[in-house]
Every structure is written in C-alpha cells, then in structure tokens.
Amino acid sequence: MSTRDLALAGWQVRYTQRSFWRNRRAAFFSLFFPLLFLVVFGTLLGDVRLDSRGGLRLIDFYVPGIVTYAIVLIGFNATAMQLAALRENGILKRIRMTPLPTWAYVAGTVGSTLLVMAASVAIMLAVGVLAFGAHLRLSTLPGLLVTLLLGGACLTTLGIAASRVVGKPESGMGILMVVTLPLIFVSDVWFPLDDAPGWLSAIAGAFPLEPLASGLGVAFDPSTTGVGMSGGDLAVLAAWTVVGCALMTRTLRAVTRRD
Amino acid sequence: MRRAIEAHDLHKRYGDVHAVRGVDLTVAPGEVLCLLGPNGAGKTTLVELLEGHRLPSAGSVSLLGRDPARGERALRDRVGVVLQGTFLQDELTVVELLEMHARWYDRPRPPDELLELVELDAARDARARDLSGGQRRRLDLALGLAGRPDVLFLDEPTTGFDPHARRQAWRTIQALRGEGLTVLLTTHMLDEAQALADRVAVLAHGEIVAEGPPELLGGRHERPAEIRFALPDGLGPADVPTPPGATLVRDGDGVLVTAPDGVAAAHRLTGWALERDVPLAGFRVAQPTLEDVYLSLTEAHA
C-alpha cells in the first residue's frame, strides 16, 4: 500500500463522489428521506415531553434516532448494495485487469459512501439543533463524535460483509430491509419503547442499532453530566465492529479471489 | 521477446465440464490473432485463462513473458482488456472516465488522443449513462487503450454496431496495429476476422481445430473454385468444353464448373466464349468464403 496507491484511492473517492451527487434521485434518497422524517416528527411532536424519561423533549429523542436511521440506511444498506453491484455488474472483474489495486477501487466506493453518511448526519444535526432546538451542547460533543465514529465504522464494516449475501442488486434491497427494518422498529429509534417486553429489549440491545441510538441519545439528554459517553453502548458497538471487521476481511478476500 | 502470448497444453475443467482441452497457442508481438468459434466452444474461458483472470487446471500461459495469473501490476500496466462494460460511475462524462482510468497507468494515453482514436470527440462531455450502445462500446475500447498497452484483449468489439460504426472500429484497430500493438480478438463475425486478423484460430469444443492466415485457413486456397454463368438459348452444358480437372454440371438455368485451378478454368471458358462470340451472362468465379470454411470446420467437430 504505497503513497501512490493511497492517492489513487483518494482520486477514486473524488470521482465516485462526483458521480454520486450528479444522480439526484440517489442523493435525495440518502439525504432528504431521513431529513423528511426529522422535519415531520419535529414539527408535529418535537415539543412533547416524555414523562417516562424524566421529561425529555421528543426532539431530543428523534434526532439521535433518525441519525441512527441514516447511518443504517447509508452505512449498512447502501454500502452492501454498492459492493454487490460492483461484483454483479462485472466492475471488479474490469478493475482486476488494470494496474489499480482492487482495494483502492473498493476504498473509493466505501470512502465516498462514508462522506455521504457524514453529510447526512451533519445536516440532520444542524436541522435538529437550529430548527428544532435539540439539546446539543459542547460538553457532550466528544461523546457524540466518538459514538458517531464507532457507529459509522460498525455499520459500514457490517455492510461490506453483508454485500456477500446480497445476490442480484435488484433483489438486494428487499433482503437488506428484512434485516434492518424489524431491528429499527424494536431498537427505540422511531418511537420510545418504554413498555416493550424485557426479552424484546434484550434482543434489540444485543444488536448494534439500539446501542447506537441510545449512545447518541445520551449526548442529547439534558440530565447527562460528563462528556456524553455511554460505556455499555460503546462496548456493544465496539464488539460488533470487531465482528464486522472480521467478516469484512473474509468478504474482501472472496472478492479478490480468482478461481 | 519472441512471443507476446504463449499457451502450452492448456486445460480448464469445471467439475465434469472440460471447457478447454489442450490448447497450444502463440501470438507474436504486433500480430492480430482472431479467435473464432461457436457459442460454448470455450472462447471466453480460453481468453480469461490467457488474461490471467482464471487459473488453468493444467498447462501454462505466458503473457509478455510473465505468468498473468499472478496479477503483477507491471504486467497489468502493459495489457489492455476491453470488456463489454458497465461503469459504476456512470454519471461521469466520457472524458472524466478516461481521465480516471488514465491515472491508473504508468504511461497513459492522454484522454484527447483516446477520444480521437475511437472517434468519440463529439460525446466527450456526455455522461456515460446517456451514451448509445455503439458509443458505449467505443468508450470500452478507449478505456482498454488508456494505458497504451502492448497487448490488447478485444472481445466482440463491434457487436451491435451498424456497418458504418464497424468500419470505423476496424480503422481504429488497424491504426493501432500499425503502432505495433498485439491484439487477441474474439468475434462471431467472419468478415471482421477477414478484415483485421493476421491469423485466425478456430476453437470447437475446447480445442483449436484449425489455425492460419484467413486466406489459407482450412486449406481454403486449395479448395476448388466455383465458376457460374448462364448460356444463351440454344446452347446447353454439353456444348461447353470442360476445363482439365474440372467438373461441369447444370445449375438451374445456368452452368456450374468446379475447378481446382480457377484461373486456368476461367481462362479456358472465356477463351471459348470469345472465340464463338457466346455471351456468358453473370459469369463469376468464387473461392470458398471464410464462412464456408469456418462452417465446415466447426460442423465437422460438432
């Protein structure tokens, strides 16, 4: 992995970004769809207070929830779909015939997706704070950033790994939704699940979505003292990131293998 | 280096399927070799073995003196592969895609030169997704040439082209051959092989069944010529002198002469006609076409 290869990977990120933003529909789906939820929920219910959570304003629940949704949508679903498309459409085969290392091309694709994720998260945080007065403050910003970075890495590595089980890109979105949609519903992302049965919460807590939403929520909770980190949530995310890295490595090996 | 591509006793098996069965093949630097064969003959597998995209079950491949399966970068830098393509970044323009690919190589061909070479200047700022099928194929070709390769693998370069576009693609390939490029071309189209190839290899059931310059393939030049013409009223085939070694039969309203030496037979027949002032309407001499030879070769091995 030379400096030249890193520069090439950087160029691939740039070209992929340029292509991405020109496709208005994909850009709209990735960015504005989650934003639409935020605006609708924030406008209708933002000021409602949750007695079960010490009077927490609903907007301080929605912002971390919808940021989580965006990270899943882009980091997991979109990454898995794109890598499956690279494989199924013969693009990786084409790259293998050139001097560009396959990893540099894949890194360009994944890097570009990470930038889209960062843009999406930044927009939602900005709208949440500026338009709806979500309770983000400097003291908990470190915790928020650490949780975002870990969550983004976690879902992206899992997304790369999941590209292996996505077959044809046309049917892939359905397969991914079967995994992500139920998890989103049980993970305290869309609506507060204070009355959910204990076993359901335990299942949700074992997957990365609930800890991500909960970890991000800590930073928005006015009752939080300290830097806004939730050790338990970060530990689950870190464990899943390790799993994601291991599975991702296997997937990437399979991708570069010849028969 | 004496050989640009060299394969020796190459085999590829997939389970019970023996797709390539002992192929020996050499391509000299600067030569255009055309690989012909019906669907399922093993063309794609053979080409992928030569490219290093697949590993042989047995035998050896050498590409520019190296083992292509090792995927060495220095080798990839000198080899172009034209695949029928999709582009992930299909919102990029033609010139942007050419720039992107050019960055990957040590001695790239400038995008403007590529555009001129494949006659795609008019579409330089069009997005890849908006190109017509023919334009896409030309972009594929340009991308394969982006690294100024010494060897080019070209898979059915003009499938789906109109006649004008085909001639244009042929001009591009002929121009590159003039620069010393080695080309391994696969095609279904025999006129394409005839127009471009220095040598043709016919693949059937995983084996090379004939190999040679297009005009000599399968002993084509040694096959008898066919001479056809019509006779005026009052004359029949029996009135025509049979040239030495030839056979002469009625063919519909006219006459068919099959002669091992077409030139001598034609000379004899036209001499007779001029002497007697007999018009030989529709007089024509034909060697078997490459297609005739190809069909007889691949049918014999079916």
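One can find the structure itself at the top, above this paragraph.
Per chain, residues are indexed from 1 in the order of the written sequence. Chain labels run from A onward and ligand labels from 1 onward, assigned in the order the entries are written. Only residues with pLDDT of at least 70 get local features here, since the model is predicted, and only at 80 or more are side-chain atom pairs given and counted; chain-wide, interface and lining totals rely on the full set of residues. To obtain the side-chain values, all non-hydrogen atoms of the structure were included, while hydrogens and water were left out.

## Concerning the overall build of chain B
In this text, helices come from DSSP runs of H or I with a minimum length of four residues, and strands from runs of E with a minimum of two, each type numbered from the N-terminal end. The secondary structure content of chain B amounts to nine helices and 13 strands. Principal-axis analysis of the C-alpha atoms gives chain B an extent of 75 × 45 × 35 Å. Exposure classes here rest on a 1.4 Å probe applied to the protein chains alone. A residue is buried below 20% of its type maximum, exposed above 50%, and partly exposed in between. Counting all 302 residues of chain B, 50% fall into the buried class. Two residues qualify as a contact provided that any one of their heavy atoms is within 4.5 Å of a heavy atom in the partner residue. Put simply, of all contacts in chain B between residues at least 6 apart along the chain, 68% involve residues at least 24 apart. Calculation of accessible area relied on Shrake-Rupley with a 1.4 Å probe; when residues are assessed, cover is drawn exclusively from the protein chains displayed. Total accessible area computed for chain B in this model is approximately 13500 Å², and 48% of it derives from carbon and sulfur atoms.

## Some points on the overall build of chain A
Of regular secondary structure, chain A possesses ten helices and two strands. Listing each helix as α and each strand as β along chain A from the N terminus yields α-α-β-β-α-α-α-α-α-α-α-α. For a compact globule the rule gives 2.2 Å times the number of residues to the power 0.38, and the radius of gyration it is set against comes from C-alpha atoms. For chain A, whose C-alpha radius of gyration is 19 Å, the value lies close to the compact-globule estimate of 18 Å for 259 residues. Considered along the principal axes of its C-alpha atoms, chain A spans approximately 60 × 35 × 35 Å. Counting all 259 residues of chain A, 50% fall into the buried class. Residue pairs in contact within chain A that sit at least 24 positions apart in sequence constitute 80% of those at least 6 positions apart. For chain A, the exposed area adds up to about 11300 Å²; of that, 69% sits on carbon and sulfur atoms. Just so you know, the count uses Lys and Arg for positive and Asp and Glu for negative, and it drops His and the chain ends. Charge positions are represented by NZ for Lys, CZ for Arg, CG for Asp and CD for Glu. Between the mean site of the 20 positive side-chain charges and the mean site of the 13 negative ones, chain A shows a separation of 19 Å.

## Some points on the interface of chain A and chain B
Across the boundary between the two partners, chain A contributes 27 residues, which contact 36 residues of chain B. Two parts lose some accessible area (1.4 Å probe) when they are put together, and adding that loss for both gives the buried area. Here chain A and chain B share an interface that buries about 3100 Å² over both sides, 51% of which is from carbon and sulfur atoms. When the buried surface of chain A facing chain B is broken down by residue, Arg-94, Met-97 and Pro-99 of chain A rank first, second and third, together holding 26% of it. The rule for a salt bridge is simple: a side-chain nitrogen of Lys or Arg has to be within 4 Å of a carboxyl oxygen of Asp or Glu. If you look at where chain A meets chain B, you find six salt bridges.

## Concerning the packing of aromatic side chains
Residues and elements named next belong to chain A. For Phe, Tyr and Trp, where Trp contributes only its six-membered ring, two rings pair if their centres lie within 6.5 Å, and the inter-plane angle classes them as stacked under 30 degrees, edge-to-face over 60, or tilted in between. In this structure the tally under the stated criterion is 14 aromatic pairs over all chains. With a centroid separation of 5.5 Å and an interplanar angle of 70 degrees, the aromatic rings of Phe-33 and Phe-37 are classed as edge-to-face. Residue Phe-33 and its partner Phe-37 are located together in helix H2 (residues 24–45), separated by four residues, close to a single helical turn. Aromatic pair Phe-37 and Trp-190: ring centres 4.7 Å apart, planes at 45 degrees, arrangement tilted.

## Observations regarding the pairing of strand E12 (residues 254–259) of chain B
Residues and elements named next belong to chain B. Taking burial as the measure, the six residues of E12 include five buried ones, the bulk of the element. Strand direction decides the pairing type here: strand E11 (residues 247–251) and E12, joined by five bridges, are antiparallel. Residue pairing across strands places Asp-251 opposite Gly-254, the latter belonging to E12. When DSSP locates at least two bridges between a pair of strands, those strands are taken to pair. A loop of two residues connects E11 with E12, the two strands running antiparallel in sequence, and Gly-252 in this loop sits at a positive phi of about 65 degrees.

## Here we look at the sheet that holds strand E5 (residues 79–82) of chain B
Paired through their backbone hydrogen bonds, the strands of a sheet run either parallel or antiparallel. All names here are of chain B. Strand order in the open sheet formed by six strands is E5-E6-E7-E3-E8-E9, with mixed pairing between adjacent strands. The strands lining the two open edges of the sheet, one partner per strand, are E5 and strand E9 (207–212). On average, each strand axis in the sheet is tilted by 15 degrees relative to the strand beside it, whichever way the strands run. Note: E5 against strand E6 (residues 151–155), four bridges, orientation parallel. Paired with Val-81 across the strands is Phe-153, a residue of E6. Note on definitions: angles span 0 to 180 degrees between N-to-C directions of axes, and those axes are lines fitted to C-alpha atoms, for helices only across the stretch in contact. Along the sheet face, helix H5 (residues 133–144) touches E5 and E6 and points at about 165 degrees away from the line of E5.

## Things to note about the pattern of salt bridges
Counting across every chain of the model gives 30 salt bridges over all chains. A salt bridge links Glu-88 of chain A to Arg-87 of chain A; its shortest N-O distance comes to 3.2 Å. For Glu-88 of chain A, a relative accessible area of 32% gives the class partly exposed. With its nearest N and O atoms 2.4 Å apart, the salt bridge here joins Glu-48 of chain B to Arg-54 of chain B. One salt-bridge network, held together by shared partners, links Glu-91, Arg-127, Arg-129 and Asp-130 of chain B.

## Overview of the side chain of Arg-109 of chain B
Residue and element names in this part refer to chain B. Summarising the element assignment, Arg-109 is placed in the loop between helix H3 (94–102) and helix H4 (111–117). Here a polar contact means two N or O atoms within 3.5 Å. Within protein one must be a hydrogen donor candidate and the other an acceptor candidate, and residues neighboring in sequence count only if both atoms are side-chain atoms. Side-chain polar atoms of Arg-109 contact the side chain of Glu-113, separated by 3.0 Å. With residues up to four places along the chain from it excluded, the contact list for Arg-109 reads Ala-102, Leu-114, Leu-117, Leu-145, Ala-146, Arg-148, Leu-176 and Glu-179.

## Details of the sheet that holds strand E2 (residues 17–27) of chain B
Residue and element names in this part refer to chain B. One open sheet holds the three strands; their spatial order is E2-E1-E4, and the pairing between them is antiparallel. Here the strands that pair on one side only, and so sit at the sheet edges, are E2 and strand E4 (58–63). Taking each pair of neighbouring strands and ignoring which way they run, the sheet shows an average axis angle of 20 degrees. Sheet topology places strand E1 (residues 5–14) next to E2; eight bridges connect them, and they run antiparallel. Opposite Ala-7, over in E2, you have Leu-25 as the bridge partner. On the sheet, helix H1 (residues 43–51) packs against E1, E2 and E4 and is oriented at approximately 125 degrees with respect to E1.

Note that every value here comes from positions in space, so none of it alone points to a role or purpose.
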